[in-house]
Amino acid sequence: MDATGQRPNDAPEFDAVIVGASLAGSAAAVHLGREGARVALVEQRPDPRAYKRVCSHYVQASGVPAIERLGLLDAMMAAGAVRPHFRIWTRWGWIVAPPESAQTGLNLRRELFDPLLREAALATPGVEGLLGHSAERLLRDDAGRVIGVVVRDRAGDELTLRARLTIGADGRGSRVASLAGVPARVTPHGRFAYGAYFKGGAPAHAPDASVWMLDPHWAAAFPTDSGLTFYACMPTKARLADFRSDPGAALVAFIADLPDAPPIREGRRVAPVLGKLDMTNVEHEPIAPGLALIGDAALAADPLWGIGCGWALQSAEWLADAVAAPLAAGPAGDQALATGLARYRRRWRRGLRGHARVMEDLAGGRRWRAPERFVFAAATRDAGVAAAVDAFGARMIGPNRMVAAAVPRAVAANARHALARRPRFAPYRASAGAGT
Ligand SMILES: Cc1cc2nc3c(=O)[nH]c(=O)nc-3n(C[C@H](O)[C@H](O)[C@H](O)COP(=O)(O)OP(=O)(O)OC[C@H]3O[C@@H](n4cnc5c(N)ncnc54)[C@H](O)[C@@H]3O)c2cc1C
């Protein structure tokens, strides 16, 4: 008998138990359910319309195909989503990719996005929702492999869920990851975040998003559904004292003081000011025997880059693609399940690790280094460099491809710029009387 009073060799009643029914968990449930898996989707919050509040909800272009594959794009557009491009302010000017190559993201408030996706998950055949249940302990077999999870409902009653695969989709600070004891890479974050929704006072070029790279501070305007704009800032912690007494007033003052400032004072704040002071970067090993982590549970990266929503959806899809067939094969597929998990880890590393390293290097709040200044300056002068920076920011290409695409053009663009600025002298011509 194990700690829950059940025989350890009980047949698992689920192919997968997923802890967390936000973006990553709900997406994984949809994909696995569609492939015929029996899935338990566990969420600690009881309200099916619950949503993540502290999020500026910009889905990068790289995340949009995952939304399409879930079949949610039309419903999101019908709910008022906008399809923005990105404009980036730097001290050299604005970086704006040419329209023919500009990446198109997606903006819809999490208040609308999360319930749509959770609804789709709960309606998928084979998916059993357990809302209002919190994961408390992991079950393991004699070899230490995870074989399920014990959850507790709001009345304090426990339920044992045995599964061939346990999936931690429980976000930043993942309890599943810490219960499993998977190795973590933790790196500091040197900024804090405040943001709020405003009606009116939209930035120029709305619905395009505007981001100010103030070196080292950061600010953004994300126009979204219902004519709202999410104004946000992430200064370094050196500015924290300015925000202590009245974060709302400090946010408005910070945005109104930006170069080429958007007209935030013409808008009206229509929701509470949301803040986050600790955004430590945590990267977990994404698999262990019988266990996989997806979304922020695997990689809680710097939110400054607006990548977590897309990566939550993409990592769910990568995992489902790697394990759906072994799960469908039943217990005979256990060896293949281990192979599938290894395949997921490879895909996850290939997709995210390079980005994660660049992001954690910048997350401390340091100033730009010379090569970064060189590329950003060139991106304000050359459409090709701007397109490469835009594709990298949208996570359509990794750091190596960005360097390969941007640097040669940046050298040429900056050289042209320097030449054009060189003082021009009239060519020397001997005067008629010279030498006489
Ligand atoms: C300030 C800020 C701004 C951001 N802005 C953006 C942005 O513009 N664009 C972008 O792409 N990303 C942004 N992000 C990141 C984004 O919010 C996350 O990356 C994304 O929500 C991750 O999704 P997830 O499903 O992995 O986790 P989460 O959305 O965090 O969901 C985890 C779920 O697990 C549940 N849960 C937790 N513990 C348990 C338990 N023990 N038992 C059962 N359920 C549990 C929670 O209730 C929750 O529903 C931002 C983040 C921050 C902090």
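Because the structure is a prediction, the values reported are computed rather than measured.

(A) Expanded view of the overall build of the protein. The helix and strand inventory of the protein stands at 12 helices and 21 strands. C-alpha atoms of the protein, sized along the principal axes, occupy 115 × 45 × 40 Å. Taking all 436 residues of the protein together, 53% fall into the buried category. Residue pairs at least 24 apart in sequence account for 73% of intrachain contacts in the protein once pairs closer than 6 positions are excluded.

(B) Spatial organisation of helix α9 (residues 334-363). Largest kink in α9: about 45°, centred on L352. Taken together, the buried positions of α9 are occupied by L337, G340, L341, Y344, W348, L352, H355, A356, M359, E360, L362 and A363. With its phi angle positive at about 100°, G365 sits one or two positions after the end of α9.

(C) Highlighting the site of the ligand. In the vicinity of the ligand, 33 residues are found, and the nearest of them are S22, E43, R45, D296 and C309. A distance of 3.0 Å separates an oxygen atom of the ligand from a polar atom in the side chain of K52. At a separation of 2.7 Å, an oxygen atom of the ligand approaches a polar side-chain atom of D296. Protein coverage of the free-state accessible area of the ligand, which is 1000 Å², stands at 93%. Of all the secondary-structure elements, those providing two or more residues to the shell around the ligand are α1 (23-34), β8 (133-140) and α8 (308-328). Examining the composition of the shell around the ligand, we find that four residues originate from one element, α8, more than from any other. A class-by-class count of the residues in the shell around the ligand yields 13 nonpolar, 12 polar and eight charged.

(D) Fine view of unusual backbone geometry. Here the bond from A206 into P207 is cis, since omega is 10°, no more than 30 degrees from zero. For P207, the location among the structural elements is in the loop between β12 (193-199) and β13 (209-213). Here the amide bond leading from D215 into P216 is cis, since omega sits at 15°, within 30 degrees of zero. Counting through the fold element by element, P216 comes out in the loop between β13 and β14 (218-223). The phi angle at R395 is positive, at roughly 60°, despite the residue not being glycine. Mapped onto the elements, R395 comes out in the loop between α11 (383-393) and α12 (399-421).

(E) Seen up close, the confidence of the model for the protein. Averaged over every residue, the pLDDT of the protein is 94; residues scoring 70 or more account for 94%. Between residues 432-436, whose pLDDT stays under 50, and residues either more than four places distant or in other chains, the model counts zero contacts.

(F) Highlighting the packing of aromatic side chains. Going through the model one piece at a time under the given rule, you end up with 10 aromatic pairs. Considering the side-chain rings of Y58 and F86, the 4.8 Å spacing of their centres and the 70° angle between planes classify their relative orientation as edge-to-face. With a gap of 28 residues between them, Y58 in strand β3 (residues 58-59) and F86 in strand β4 (residues 86-90) connect regions that are remote in the sequence. With respect to class, Y58 is no different from F86; both count as buried. Put simply, the rings of F192, Y194, F243 and F254 pair up and form one aromatic cluster. The ring centre of W94 lies 5.0 Å from the NZ or CZ of R87, which sits over that ring.

(G) Seen up close, the environment of P84. Examined against the element boundaries, P84 turns out to sit in the loop between α3 (73-78) and β4. By relative accessible area, which is 0% here, P84 ends up buried. Excluding its chain neighbours within four sequence positions, the residues that come into contact with P84 are Y58, Q103, T104, G105, L106, N107, P207, D208 and A209.

(H) The pattern of salt bridges, seen in detail. Within the structure shown, the criterion is met by 28 salt bridges. The salt bridge involving R175 is made with E136; its shortest N-O contact spans 3.6 Å. Here R175, found in helix α5 (residues 175-180), pairs with E136, found in strand β8; they are 39 residues apart in sequence, far enough to count as distant. Look at E136 and you get buried, because its relative accessible area is 16%.

(I) A look at the sheet that holds strand β11 (residues 184-187). Strand order across the open sheet formed by three strands is β11-β18-β21, with antiparallel pairing between neighbours. Unpaired on one side and paired on the other, β11 and β21 (299-300) mark the two borders of the sheet. As defined by bridge partners, strand β18 (residues 281-284) adjoins β21 across two bridges and the pair is classed as antiparallel. The partner of V282 across the bridge, within β21, is A300. Docked against the sheet, α9 engages β11, β18 and β21, running at close to 155° with respect to β18.

Definitions and cut-offs
- Every chain is numbered on its own, with residues counted from 1 as its sequence reads.
- Where local features are concerned, this predicted model is filtered to residues with pLDDT of at least 70; where side-chain atom pairs are given and counted, the filter is 80 or more; whole-chain, interface and lining totals use all residues.
- For the side-chain quantities, the full set of heavy atoms in the structure was used; hydrogens and water were omitted.
- Here a strand is any run of E in DSSP of at least two residues, a helix any run of H or I of at least four, and the numbering for each starts at the N terminus.
- Here the term buried applies to any residue with accessible area under 20% of the maximum for its type, exposed to any over 50%, and partly exposed to those in between, with areas from a 1.4 Å probe on protein chains only.
- Any two residues having at least one pair of non-hydrogen atoms within 4.5 Å are treated as being in contact.
- Here the bend at each residue means the angle between axes fitted to two seven-residue stretches, the one ending at that residue and the one beginning there.
- Any residue with a heavy atom lying within 4 Å of a molecule or strand is counted as near it.
- Polar contact is the term for a pair of N or O atoms within 3.5 Å; when the atoms are in protein, one must be able to donate a hydrogen and the other to accept it, and sequence-neighboring residues count only if both atoms are side-chain atoms.
- Shrake-Rupley sampling with a 1.4 Å probe provides the accessible areas, and residues are treated as covered by the protein chains on show and by no other component.
- Following the grouping adopted for this structure description, the nonpolar residues are Ala, Val, Leu, Ile, Met, Phe, Trp, Tyr, Cys and Pro, the charged ones are Asp, Glu, Lys and Arg, and the polar ones are all others, Gly among them.
- pLDDT is defined as a per-residue confidence score from the predictor, taking values between 0 and 100.
- A pair of aromatic rings is counted whenever rings of Phe, Tyr or Trp (Trp by its six-membered ring) have centres within 6.5 Å, and the orientation is called stacked for planes under 30 degrees apart, edge-to-face for over 60 and tilted otherwise.
- Charges are assigned to positions over rings by a cutoff of 6 Å between ring centre and Lys NZ or Arg CZ, combined with an angular limit of 35 degrees from the ring normal.
- Salt bridges, as used here, are contacts in which a Lys or Arg side-chain nitrogen is within 4 Å of a carboxyl oxygen on Asp or Glu.
- Strand pairing is assigned whenever DSSP identifies at least 2 bridges connecting the two strands.
- For helices, the axis comes from a line fit to the C-alpha atoms of the stretch in contact; other axes are also lines fit to C-alpha atoms, and the angle between any two N-to-C directions lies between 0 and 180 degrees.

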